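Residue-level structural notes
Each chain is listed here by its residues.
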Amino acid sequence: GTPRLATHTFSMPLDDETKARIASDAADDLAPSVRAHKRKFGNGPSAHAHGARDGDGGDPSRRSTKFSRAGNKPDPFSAASRVRRAIDNACQRDEFDAAMEAFGEAAAPGSTVVLSAHSCNVLLHLCAGGTGAWTTGLAPVECVRGERADEIVEYMTKHDIEKSEMTYTAMVRVKAANGDVKGALDVIASVKAARLVTKVRTYAPAIHACAASGDLDGMEAVEGDLRADGLLPTELEFMAMLRAYRAAEAYDRGFSMLRKMRTEIRAPSDEMSEELRAWFSSVPGWGIADEVSVGESGEVEAVLVMDEKRATFQLKAISVTEDERKGLLEAIAKLACEREAVEEFDNFMKWLDRKEGGMNAIVDGANVGMYNQNFSTSGMSFMQLEKVLQALRDKRVEGEAPPIAFLHQRRVENGPARKPQNQKLL
């Protein structure tokens, strides 16, 4: 069979999007437990909401939660409160056995304690590896307890406890870590069947499992489903896929992925840079330069000392994609029509269409003219604007369009614009 790829752990920082993903996952998984630990038992509506099912199971005839004399606050010494605290505290300390002991008390025959969805999700989080197991991609299989996770899901179904995206994500993680990609995909299908909103973390474990097993077709299929839901892979997924392509020597498919990645990961982290170094070191005909210098205008000189080679080339400027450009222009048009008469904006767009020769340097006239004009007698400085325009004219290369300044109509009709010297400049 295909050898399982090693999972690498690095200490270098990830890109902002990936860090946000990991932080969001951790917050979703743990925040309720942290809040429960910090607040006084039964204090406030938050406590009541999170613990509503603990002890009553939704059935008043089975209610075991005791209430204090203060009113409708749950008794902190009741069996339900004690079980919930035990689960929350165990999750905070990543103590799986302690959490499952508390679950066993709730699931025991004759028990009147029915856990809340929150408590069940905390238990599933621990079954899926707990805190930190998924921060570098695929959790080690020894960190995952699949049979216990199945017990908890069965318990939730038996007691009609609502399953959330967190519930299904934990199960996807359990299946993926055990190499059961089909099972993970079946769970993802259940998320959609339940009409819940998927997240990157819903798909990520399946991508990592496919990548680790060398299943490139499955990996690409899951990535396609992720994108179809309007989501984008983070660096963790890109790195896992790149390792899989490298191990399979599927260089064409790897370069295809890199072309997508370059528009979605604008500034690769140190981790990603190391993966790229390993990738290009393995691709036939490619090499890693020993020395590289980059000039202010993007000109590059690379030196391969051992091969006694030197190469020079020009870096390509990073620009927006066509879809990003279209979305930006639509947003600008929408904003302009909210602030100005639609007819005026249409006239401006028609002028742009008629204009010949293009535009090389565009100046925001109001920002330049109002710069440092923060004293009592200040106002729009047309002379200041003219100096900037003249400096741009002096730098203009023959054949280029002249610089152009944009000003709102009121700037050229009122206030300082009426002064003779400014009229002359206008």
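For the structure itself, consult the block above.
Before going into details, it helps to say that this report is about the structure given with it. Remember, it's a predicted structure, so these values are computed and weren't measured experimentally.

**Brief notes about the packing of aromatic side chains**
Summed over all chains, the structure comprises nine aromatic pairs. Summarising the aromatic geometry, the rings of F103 and Y155 are spaced 5.3 Å apart at their centres and angled 75° between planes, so their arrangement reads as edge-to-face. Here Y155 lies in helix 6 (residues 146-158) and F103 lies in helix 4 (residues 96-107), a separation of 52 residues in the sequence. Just as F103 is buried, Y155 falls in that class too.

**Observations regarding a nonpolar patch on the surface**
A contiguous nonpolar patch, built from V292, V294, F313 and L315 and spanning about 380 Å² of accessible area, is present on the exposed surface. Mapped onto the secondary structure, L315 falls in the loop between strand 3 (309-314) and helix 14 (322-339).

**Topic: helix 11 (residues 235-248)**
In an α-helix there are 3.6 residues to a turn, and that puts residues three or four apart on one side. Its 14 residues give helix 11 an end-to-end C-alpha distance of 20 Å, which sits within 8% of 20 Å, the value for a rise of 1.5 Å per residue. Of all the positions in helix 11, only E235, L236, E237, F238, M239, A240, M241, L242, R243, A244 and Y245 are classed as buried. Count one or two residues on from helix 11 and you reach E249, which has phi positive near 55°.

**Looking at the pairing of strand 2 (residues 299-304)**
Both strand 1 (residues 291-294) and strand 2 contribute to a ladder of four bridges, which runs antiparallel. Within the sheet, the bridge partner assigned to V292 lies in strand 2 and is A302. Here strand 1 hands over to strand 2 after four residues, with G298 in that stretch at a positive phi of 90°. Hairpin connection, strand 2 to strand 3: the antiparallel pair is bridged by four residues, and E308 has positive phi, about 55°.

**A look at the side chain of E237**
The residue E237 is located in helix 11 in this model. A polar side-chain atom of E237 sits 3.0 Å from a polar atom in the side chain of H208. Engagement of the side chain of E237 in a polar contact is seen with the side chain of T234, the distance being 2.5 Å.

**What about the pattern of salt bridges?**
When charged atoms on two side chains of opposite charge get close, those side chains can pair. Counted by the stated rule, this structure contains 18 salt bridges. Residue E220 pairs with R253 through a salt bridge whose shortest N-O separation is 3.0 Å. One end of the pair, E220, is in helix 10 (residues 216-228); the other, R253, is in helix 12 (residues 251-264), with 33 residues separating them in the sequence. Looking at R253, the relative accessible area reads 31%, which means it is partly exposed. Across the salt bridge formed by E223 and K260, the nearest N and O atoms sit 3.2 Å from each other.

**Re the nonpolar core**
Counting 76 residues, the largest nonpolar core has L115, I152, M219, L258 and W279 as the members making the most contacts within it. Setting aside its immediate chain neighbours within four residues, M219 contacts I207, C210, A211, M241, A244 and Y245. Core analysis: the second largest hydrophobic core is formed by seven residues, V363, V368, L385 and L389 among them.

**Digging into the environment of R411**
On the secondary structure map, R411 appears in helix 18 (residues 409-413). What makes R411 partly exposed here is its relative accessible area of 26%. Residues R411 and A366, spaced 45 residues apart in sequence, show a C-alpha to C-alpha distance of 7.8 Å. Aside from chain neighbours lying at most four places away, what touches R411 is A366, M370, M380, F382 and A417.

**Notes on helix 12**
Here helix 12 is 14 residues long and its end C-alpha atoms lie 20 Å apart, about the 20 Å a rise of 1.5 Å per residue gives. Listed in full, the buried residues belonging to helix 12 are Y251, G254, F255, M257, L258 and M261. Here the buried residues of helix 12 occupy an arc of 160° about the axis, which is enough to place them on one side. What points out from helix 12, more than 90 degrees from its buried face, is the exposed set D252 and R259. Along its buried surface, helix 12 packs onto helix 11 and helix 13 (270-282).

Calculation notes
Residues numbered from 1 in each chain as written. Predicted model: local features only at pLDDT ≥ 70, side-chain atom pairs only at ≥ 80, totals over all residues. Heavy atoms only, no water. Phe/Tyr/Trp six-rings, centres within 6.5 Å; stacked < 30°, edge-to-face > 60°. Helix = DSSP H or I, 4+ residues; strand = E, 2+ residues; numbered from the N terminus. Buried < 20%, exposed > 50% of the residue type's maximum accessible area, 1.4 Å probe, protein only. Patch = residues over 30% accessible without salt bridge, like charges linked within 9 Å, V, L, I, M, F, W, Y side chains within 5 Å. Areas by Shrake-Rupley, 256 points an atom, 1.4 Å probe, with all protein chains shown as cover. Salt bridge = Lys/Arg side-chain N within 4 Å of Asp/Glu carboxyl O. Expected span 1.5 Å × (residues − 1). Pairing = 2+ DSSP bridges. Polar contact = N/O pair within 3.5 Å; in protein donor to acceptor, adjacent residues only side chain to side chain. Core = buried A, V, L, I, M, F, W, Y, C linked by side-chain atoms within 4.5 Å. Contact = heavy atoms within 4.5 Å. Arc of directions from axis to C-beta.

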